[in-house]
Every structure is written in C-alpha cells, then in structure tokens.
Amino acid sequence: MSRSYSYSSCSQRNATAYINGRVYTVSDASPWAEAFLVGSDGMFEAVGTNIEVMAIALEDGLIIYDLRGKFIMPGIHDAHVYMLLAGVGMTSQALLPMQGLNSTNIAGELNHGSCMCKYAHTNQDWLVGWTYLIENFHRDALDKAYPHTPVVIHGAAGYSMFLNTEALRRAGYSVESEQDGQDTLHLRDGAGRLTGEFAEMAMSKAVTAIPQPSVAHVKRVLKHTQHILHRCQSLFLTPDSDNRAGVTSCQEASANSAMLQALRKVDAEGALKVNMHTHIVYAPDWIAEEGAESLHRLIEDAASFKSEHVDTRFVKIILDEDFRRYKDLNITAEMSPAIFFVHPITESSRGLMHWSFPRMIEPSALITIGSDWCAPNLPDLLPIMSNIVESVGDGDKNVGAARICRILTLAGAEAVGRQDKFGSIERGKKANFIALDNDLSRGEFEGARLLTTWFEGEIVYDEQRA
C-alpha cells in the first residue's frame, strides 16, 4: 500500500477497515491484498497488508471488520440480463414446468401456475405464463378452459409464444388468413389456420397488445430482481440453488419506457443497489414489449433517464465470426447465454451454437459473459464457469481461473466504459465486492457459495442474515 496516498480528514472516523481477507483485487499492478479501507462515500480509500491498514485504523480509531480469511473479489458484472421480464415473470405471471407440457395437460398446469402468483392482474385480464416448450400445441387446448380470457405463454426463453384464440383476436391476428412476412413464423394446422404457436417477429402484435404493468409495479419488481442479482435466490420462489450470484453491475438487454421511468424513481429514492447499463431496443420491438415508434422516441430521449446508477448509452449488435475484427473495431465479445456454453443442446446444434473463448482470447478481444437471465431461470454464472475454466486457460486451470475472474469483473467494467469506477479492488474505485467460501482464483467455481455482497461499502446480502 502506497504511503503517499491522501486520507480525507473529514471522513477519517467514518471509514471502515477490513482486515484478514484473501483479497483477489483483479488489478494487474497488485493482484493480491489482505486488507483495505472503505470510506463513508462507499469508495476504496486504501488497499494493502493487514499491518498497513491496521496502523491507520488504530491511529484514527476506525471500526474494524474481520473478513476471517474469506476469499474476497470484486462484484460480478453480468453482461446480459432481462431484469424487468424476469421480475414480472417471477412475481406476477404463471411459471410452468419446463418439460412435459403438451396440448393435453397445458390448461391444468396453467390453472395451477396462475394460482401461485404473488401479484395478480398486473397485465389486466390477460393471463401470461412461461415455459420452454409445449409439444404439439394447438390453441384449442386452452380455449375450453379460457374462452374469454386472453392467454399468452412465453416459450424458448422468450423467443416463441403460445396463444389461445381470444389472445389472437385481441392482438389483431386473423386465424384464417394471417399473412407470413419477413422473419415471421406462424405455425398452422392441417386446414391452414393458425395454431397459436409463433416465433420471433410473428410475436410482435401479440407482445405489444399485452397491457403492461404500472410503473409502481415495475419499481416493485426491479427492487426484487436486484436482490436476486445480489444473491441468486428468488424471494418469491422456493430456492432451488445455492447462493452464488454476487452481481453488482449488469447490462439490461431490453430496456423500455416503463423500466427507465421506474429505474429513475428507484435511484432517486436511494434504493437502487446495482449499477445498471441499459440497452434500449431499436428493433425488434417484441424484445422490449413496446411498440417501435415509442422505442425510437425513447432512444432519442435516453440521456434524460441517466442517473447515478443508471447509464443509458448502450446498443448491442451481432458481428460475424471474423474474430480478429473485434479488437480492431473496439467491439466487446459478449458470450451468452452462459448456460449453453457446455450443454446437450449446444452439442446437438452441429456447430450453430458455439462460444469459442480461445479464438477470442488469441487476438486479445475484450470478452464479457452474460447469463441471459429471464424468467424462470436464475442468474447463476459461477457453476457454469467450472465447465470452461480449462479451455479458457488453454488447458491450464489456474490461467483459466484468472482470466474468468477478470472477464466477470474488470472486463465488464471496461465494456461499459467504467473501469475507472469499479471492476477491481483499488483505491478510488467503488467498494463493490463479494465474499465466497471457495477461492475462484484457483478455479474452484463448482459448489462455490456466496457469503456476502457489498455495494458501495453497504452489505446488500449476507448469508447469516438471510
């Protein structure tokens, strides 16, 4: 720890000294430390050894926090999340089984799932659910149970949709004569009529017809989803995974008007405890669940929604597989969804789905990782990293672990132009950090459990208090 650093007299007694940690800073200049100081402004004021930090703490009468040998690292950056979709889905819509659904049992499962919602009627009289696939779906399977209630069930992680006849009618589809267009997929029965199963651009009319939640409810679900990012367990669902998220910064992939209005209010209240980088959707509109004209106006007005923890400057594009162009063009290689890095679906895709970390690392492309979090899954990145740690390290687990830790932290900050604000444990940066029971720098991702998450020096999740 440099002795030349200045220590503000106005904040001396309000700082906290953290000691006895295995602190992996993710700083090239000094990757390991034992202790650090966090000021009352939520910033790292010094990073160094126990002896150095304790000397300041004793001299200035600081409160001391004993990390008890825990592995400490910067908070994680998730490069691809759908906070609003996930939050509304988990709190206010029917979460259905991911497998085993068909036209015979879907109505019964939907009736059961809709009864589990904590908040009902957020989409007015529309009934909305989530699954992955409904085998051999036909809208008739829902029409008997729901003849006058519009039903929409999201499938394939949000990239397909199943509707009953009432939903088709209200959204303006013609069951008999709906025309196919560019990038649309309307499945039809033997008589040529719509079955109610759509994909991609065919969903636009349906998605934009669904009444959206109020801004007050959007505020509520965003507060809920930020807690899931901190800990990776839903407050509204029976936990099905260990605590292992630790996200303190993320990129929202489908920001819309309601979300930005709600984020501005939550941040103004001092209740936003995650750094949000919002990607406002230009097209296709079904991703944001808002009409194209409204989204285009929102892009023009994006700057007015910026706040302390909300940055609205971002857009995503898809680039071809000329991997060497990424660095030259200053484009981030966002790898998501992480769950498919090593997965049977990926293996059976015959190369259509692949995430070639070595081919991105070799030309020094900036890489980030995203969970692609949306209802009903959880943003659980760490166990997935155990599947790729050796390939990322060219066969060396320790090298791969170091690279992954940097990708999950400092590289994320670099991708959003905030590497001078957070992403590593260094003096002058925001004190966003996590404690885990495993040493991720050694590649111990499998089974790692999150113990505590700090955001700007404040504990936002603690296993002992949960």
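Above this text is the structure in question.
Residues numbered from 1 in each chain as written. Predicted model: local features only at pLDDT ≥ 70, side-chain atom pairs only at ≥ 80, totals over all residues. Heavy atoms only, no water.

1. Here's the deal with the pairing of strand β15 (residues 184-188)
No. 1: Of the pairings in the sheet, the one linking β15 to strand β16 (residues 194-200) comprises four bridges and is antiparallel in character. Opposite T184, over in β16, you have E200 as the bridge partner.
No. 2: Taken together, β15 and the strand that follows it, β16, pair antiparallel across an intervening segment of five residues, in which G192 is found at a positive phi of about 85°. (Pairing = 2+ DSSP bridges. Helix = DSSP H or I, 4+ residues; strand = E, 2+ residues; numbered from the N terminus.)

2. A few points about the sheet that holds strand β24 (residues 458-462)
No. 1: A sheet is described by the order of its strands in space; here six strands give the open sequence β3-β2-β7-β22-β23-β24, paired in mixed fashion. Edge positions in the open sheet fall to β3 (32-33) and β24, since each of these has one partner strand only.
No. 2: The pairing of strand β7 (residues 71-74) with strand β22 (residues 433-436) spans four bridges and is classified as antiparallel. Within β22, the residue paired with F71 across the bridge is L436.
No. 3: Contacting β23 (450-455) and β24, helix α7 (residues 215-231) crosses the sheet at an angle of about 80° to β24. (Contact = heavy atoms within 4.5 Å. Axes fitted to C-alpha atoms, helices over the stretch in contact; angles between N-to-C directions.)

3. A word on the environment of A302
No. 1: Among the secondary structure elements, A302 is positioned in the loop between α9 (292-300) and β19 (310-314).
No. 2: The exposure class assigned to A302 is buried, which follows from its relative accessible area of 8%.
No. 3: Along the chain, A302 and S257 lie 45 residues apart, while their C-alpha atoms are 9.6 Å from each other.
No. 4: Excluding anything up to four places from it in sequence, A302 contacts I280 and T312. (Buried < 20%, exposed > 50% of the residue type's maximum accessible area, 1.4 Å probe, protein only.)

4. Regarding helix α15 (residues 397-407)
No. 1: Along α15, the positions that sit buried rather than exposed are G400, A401, I404, C405 and I407. For α15, the angular spread of buried residues about the axis comes to 160°, placing them on one side.
No. 2: Looking at where α15 begins, the residue whose side-chain oxygen comes 3.0 Å from the main-chain nitrogen of N398 is D396. (Arc of directions from axis to C-beta. Polar contact = N/O pair within 3.5 Å; in protein donor to acceptor, adjacent residues only side chain to side chain.)

5. Looking at the side chain of H138
No. 1: The topology assignment puts H138 in the loop between β12 (134-135) and α4 (140-143).
No. 2: Classification of H138 by relative accessible area gives buried; the value is 16%.
No. 3: Non-local contacts of H138, meaning those with residues more than four positions away in its chain, are made with S103, D189, L194 and T195.

6. Details of the sheet that holds strand β5 (residues 44-48)
No. 1: Overall, mixed pairing links the four strands, which are arranged β5-β4-β1-β6 in an open sheet. Of all strands in the sheet, those bounded by a partner on one side alone are β5 and β6 (63-66). Strand-to-strand, the axes of this sheet are offset by a mean angle of 20°, without reference to chain direction.
No. 2: Contacts from helix α1 (residues 50-60) reach β1 (16-19), β4 (35-38), β5 and β6, with the element oriented near 155° to β1.

7. Concerning unusual backbone geometry
Excluding glycine, a negative phi dihedral is what most residues carry, and trans is how most peptide bonds are arranged.
No. 1: Omega for the bond connecting A283 with P284 falls within 30 degrees of zero, at -5°, which places this linkage in the cis form.
No. 2: For P284, the location among the structural elements is in the loop between β18 (275-280) and α9.
No. 3: Following S336, the chain continues into P337 via a peptide bond in cis, with omega recorded as -5°.
No. 4: Along the chain, P337 falls in the loop between β20 (333-335) and α11 (344-347).
No. 5: Although it is not a glycine, E200 sits at a positive phi angle of roughly 50°.
No. 6: Here E200 shows up in strand β16.
No. 7: A positive phi angle, close to 50°, is found at E456, a residue other than glycine.
No. 8: Topologically, E456 is positioned in the loop between β23 and β24.

8. As for the packing of helix α2 (residues 83-92) against α7
No. 1: Orientation of α2 relative to α7, taken along the N-to-C sense of each, is 100°, at an axis distance of 8 Å. When the axis of α2 is compared with that of α7, the two are roughly perpendicular. Contact residues: M83, L84, A86, G87, V88, M90, T91 and S92 in α2; H217, V218, V221, L222, H224, T225, Q226, I228 and L229 in α7.
No. 2: Grouping the constituent residues of the contact of α2 with α7 by class yields ten nonpolar, seven polar and no charged. (Parallel < 35°, antiparallel > 145°, perpendicular 65-115°, else oblique. Nonpolar A, V, L, I, M, F, W, Y, C, P; charged D, E, K, R; others polar.)

9. Focus on the nonpolar core
No. 1: Core analysis: the largest hydrophobic core is formed by 68 residues, its most contacted members being F341, I369 and M385.
No. 2: For this core, the element with the highest residue contribution is helix α8 (residues 257-268), accounting for six residues.
No. 3: The two domains that each donate at least three residues to this core are domain 1 (84-209) and domain 2 (219-425).
No. 4: The contacts of M385, once residues within four sequence positions are left out, are A338, F341, I369, I404, L408 and F445. (Core = buried A, V, L, I, M, F, W, Y, C linked by side-chain atoms within 4.5 Å. Domains from an automatic or database assignment.)

10. Brief notes about the pattern of salt bridges
No. 1: According to the stated counting rule, one finds 19 salt bridges in the structure shown.
No. 2: Close ionic contact of D125 with R170 constitutes a salt bridge, the shortest N to O distance being 2.8 Å. Of the two residues, D125 sits in the loop between α3 (106-114) and β11 (127-130) while R170 sits in helix α5 (residues 165-171), which places them 45 residues apart along the sequence.
No. 3: The class of D125 is partly exposed, set by a relative accessible area of 37%.
No. 4: Overall, R170 belongs to the partly exposed group, its relative accessible area being 33%.
No. 5: With a closest N to O distance of 2.7 Å, R406 and E414 form a salt bridge.
No. 6: A relative accessible area of 28% places R406 in the partly exposed class.
No. 7: Classification of E414 by relative accessible area gives partly exposed; the value is 25%. (Salt bridge = Lys/Arg side-chain N within 4 Å of Asp/Glu carboxyl O.)

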